[in-house]
Amino acid sequence: MTEIQIRKGEPVDRALKRLKTRLEMDGILEEVRRLRAHETPKERTKRKARAAAKRGKIRYRFTLPKAPGAAEAPVTAA
């Protein structure tokens, strides 16, 4: 269960904002919205396609080949 610690003297609205941010990062809000109503097969397919595209974009970003000019500089003995 997601929880946050309220800091001493912290306004309630600030703590709520931190909680909402944490819930969004954990994916809980998205799951609640999805389970609130019936999801048609077409909506499910679109949701899964969006998730796959997001995963693919992240994979592509971290597997890019290094630029040719960015090779390591040769070590010279002085």
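As shown above, the structure is provided for reference.
Calculation rules
- Residues numbered from 1 in each chain as written.
- Predicted model: local features only at pLDDT ≥ 70, side-chain atom pairs only at ≥ 80, totals over all residues.
- Heavy atoms only, no water.
- Helix = DSSP H or I, 4+ residues; strand = E, 2+ residues; numbered from the N terminus.
- Buried < 20%, exposed > 50% of the residue type's maximum accessible area, 1.4 Å probe, protein only.
- Areas by Shrake-Rupley, 256 points an atom, 1.4 Å probe, with all protein chains shown as cover.
- 1 Å grid on protein atoms, 1.4 Å probe; cavity = no way out; pocket = protein on both sides within 12 Å on 5 of 7 lines; lining within 4 Å.
- Points joined across faces, edges and corners; volume = space filled by probe spheres on them.
- Nonpolar A, V, L, I, M, F, W, Y, C, P; charged D, E, K, R; others polar.
- Axes fitted to C-alpha atoms, helices over the stretch in contact; angles between N-to-C directions.
- Parallel < 35°, antiparallel > 145°, perpendicular 65-115°, else oblique.
- Contact = heavy atoms within 4.5 Å.
- Polar contact = N/O pair within 3.5 Å; in protein donor to acceptor, adjacent residues only side chain to side chain.
- Expected span 1.5 Å × (residues − 1).

Student: What's the story with the overall build of the protein in this structure? I'm lost.
Tutor: Within the protein, the regular secondary structure consists of three helices and zero strands. When the helices and strands of the protein are read in sequence order from the N terminus, they spell out α-α-α. A buried classification covers 6% of the 78 residues belonging to the protein. Summed over its atoms, the accessible surface of the protein is roughly 7900 Å², and 58% of this surface lies on carbon and sulfur atoms.

Student: Before we go on, may I ask you to explain the layout of surface pockets in this structure?
Tutor: The probe, sized like a water molecule, is rolled over the atoms to show the empty space still left. The calculated volume of the largest pocket comes to roughly 220 Å³. Forming the walls of the largest pocket are Glu-24, Glu-30, Arg-47, Lys-48, Arg-50, Ala-51 and Lys-54. Broken down by element, the residue count for the lining of the largest pocket peaks at five residues, all from helix α3 (residues 41-62). Looking at side-chain class alone, the lining of the largest pocket contains one nonpolar, no polar and six charged residues.

Student: Help me understand the packing of helix α1 (residues 12-26) against helix α2 (residues 28-36), please; the structure alone is not making it clear to me.
Tutor: Helix packing for two helices is described by the angle between their axes and how far apart those axes are. Packing of α1 against α2 brings their axes to within 5 Å, and their N-to-C directions diverge by 75°. With respect to α2, the element α1 is oriented roughly perpendicular. Between α1, through Lys-20, Leu-23, Glu-24 and Asp-26, and α2, the contact on the second element is made entirely by Ile-28, Leu-29 and Arg-33. In the contact of α1 with α2, the residues fall into three nonpolar, no polar and four charged.

Student: Is there a simple way to explain the side chain of Glu-10 in this structure?
Tutor: Here Glu-10 is to be found in the segment before α1. A relative accessible area of 14% means that Glu-10 is categorised as buried. Here the side chain of Glu-10 touches Arg-7 through a polar contact of 3.0 Å, landing on its backbone nitrogen. Of the polar contacts made by the side chain of Glu-10, one reaches the side chain of Arg-18; its length is 3.0 Å.

Student: Where do I start with the side chain of Glu-39 in this structure?
Tutor: Tracing the sequence through the fold places Glu-39 in the loop between α2 and α3. Of note is the side chain of Glu-39, whose polar atom sits 2.8 Å from the side chain of Arg-47. If near-sequence neighbours (up to four positions away) are discounted, Glu-39 is found in contact with Arg-34, Arg-44 and Arg-47.

Student: Explanation requested: α3 in the structure shown.
Tutor: Structural remark: α-helix, 3.6 residues per turn; residues separated by three or four positions point the same way. The end-to-end C-alpha separation of α3 is 32 Å, in line with the 32 Å expected for 22 residues at 1.5 Å each. In terms of burial, α3 is a largely surface element, zero of the 22 residues being buried.

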